[in-house]
Amino acid sequence: MPPTITAFDRSPDGGKGLARDTRVRWALEEVGRPYEVRLVSFQAMKEPAHLALHPFGQIPTYEEGDLALFETGSIVLHIAERHAGLLPDDANARARAISWMFAAVNTVEPPILELVTARILESDKPWTKERLPLVMDRVRDRLKQLAACLGDADWLDGAFSAGDLMMVSVLLRLRASGVLDEYPSLAAYVARGEARPAYKRAFEAQRAVNTR
Ligand SMILES: N[C@@H](CCC(=O)N[C@@H](CS)C(=O)NCC(=O)O)C(=O)O
């Protein structure tokens, strides 16, 4: 039985691939694992049946046999640990790739989410004008550090891994702000991720749902 993931029945981004089911679709495409998708409305996400799968009433979730997971980091790690293609065989390299997964969601994504919140959800608040430059500075600090780590390499640590998959997914949320273009090596890194056939399949699959 293929795993089943959940996704928005209509993503607020209209199919730009920023909803987090795209990361999970991408991981499944990278390892060549077919999957099914159950679409949920905002209302259904807050009802008991979905809350039993996701304590915070969000998407995506992942169900496979009697296993139910939430949180994209854990879902992508689960997929990467069970199928070849997203984590190196060498134990130390594997541990480093997992560190990059955590860094993506724990260190790089938080200031990016702050920026998205300030630009979109809080754009009409009187204090946003003053706050935005501070939030931008925090994002730029992280991008500068990340660009220094990447250097002129294609991927963060050797071959493409689940760490890159998570990092590219997180950075994609910055595109609309224009700040990613201030760091050409990171913009090129994200473009390399998007050019992967598995990413393209994942993107098209979520777009088909959101433009139907
Ligand atoms: N840390 C979680 C975040 C999940 C999340 O924020 N999901 C969003 C969609 S991308 C959601 O369901 N938002 C609706 C809501 O929170 O009500 C993860 O990585 O899975």
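Reading the values: rules and limits
Residues numbered from 1 in each chain as written. Predicted model: local features only at pLDDT ≥ 70, side-chain atom pairs only at ≥ 80, totals over all residues. Heavy atoms only, no water. Near = heavy atom within 4 Å. Polar contact = N/O pair within 3.5 Å; in protein donor to acceptor, adjacent residues only side chain to side chain. Areas by Shrake-Rupley, 256 points an atom, 1.4 Å probe, with all protein chains shown as cover. 1 Å grid on protein atoms, 1.4 Å probe; cavity = no way out; pocket = protein on both sides within 12 Å on 5 of 7 lines; lining within 4 Å. Sits in = over half its atoms within 2 Å of the grid points. Nonpolar A, V, L, I, M, F, W, Y, C, P; charged D, E, K, R; others polar. Axes fitted to C-alpha atoms, helices over the stretch in contact; angles between N-to-C directions. Helix = DSSP H or I, 4+ residues; strand = E, 2+ residues; numbered from the N terminus. Parallel < 35°, antiparallel > 145°, perpendicular 65-115°, else oblique. Left-handed = near helix turned anticlockwise from the far one by under 90°. Contact = heavy atoms within 4.5 Å. Buried < 20%, exposed > 50% of the residue type's maximum accessible area, 1.4 Å probe, protein only.

Student: Which residues make up the site of the ligand, and what values go with them?
Tutor: Taken together, Phe 8, Ala 19, Arg 20, Phe 42, Met 45, Lys 46, Gln 58, Ile 59, Glu 71 and Thr 72 make up the full set of residues near the ligand. Between Lys 46 and the ligand, the recorded distance is 2.6 Å, taken from a side-chain N or O atom to an oxygen atom. The side chain of Glu 71 places a nitrogen or oxygen atom 2.8 Å from a nitrogen atom of the ligand. When the ligand sits alone it has 510 Å² of accessible area, and the protein chains cover 79% of it. Using a 2 Å cut-off from the grid points, one finds that the ligand occupies the largest pocket. When its residues are assigned to classes, the shell around the ligand shows five nonpolar, two polar and three charged.

Student: A description of the packing of helix α4 (residues 72-82) against helix α7 (residues 162-172) should follow, citing residues and the corresponding values.
Tutor: Packing of α4 against α7 brings their axes to within 10 Å, and their N-to-C directions diverge by 150°. Comparing the axis directions of α4 and α7 gives the class roughly antiparallel. For α4 against α7, the interelement crossing comes out right-handed. Contacts between α4 and α7 involve Thr 72, Gly 73, Val 76 and Ala 80 on the former and, on the latter, Ala 162, Leu 165 and Met 166.

Student: Give me the lowdown on the environment of Arg 192, citing residues and values where you can.
Tutor: Here Arg 192 lies in helix α8 (residues 184-195). By relative accessible area, which is 25% here, Arg 192 ends up partly exposed. The spatial distance from the C-alpha of Arg 192 to the C-alpha of Val 168 is 9.0 Å, given a sequence separation of 24 residues. Ignoring sequence-local partners within four residues, the contact set of Arg 192 consists of Leu 150, Ala 153, Asp 154, Trp 155 and Ser 185.

Any functional reading would require information that these geometric values do not contain.
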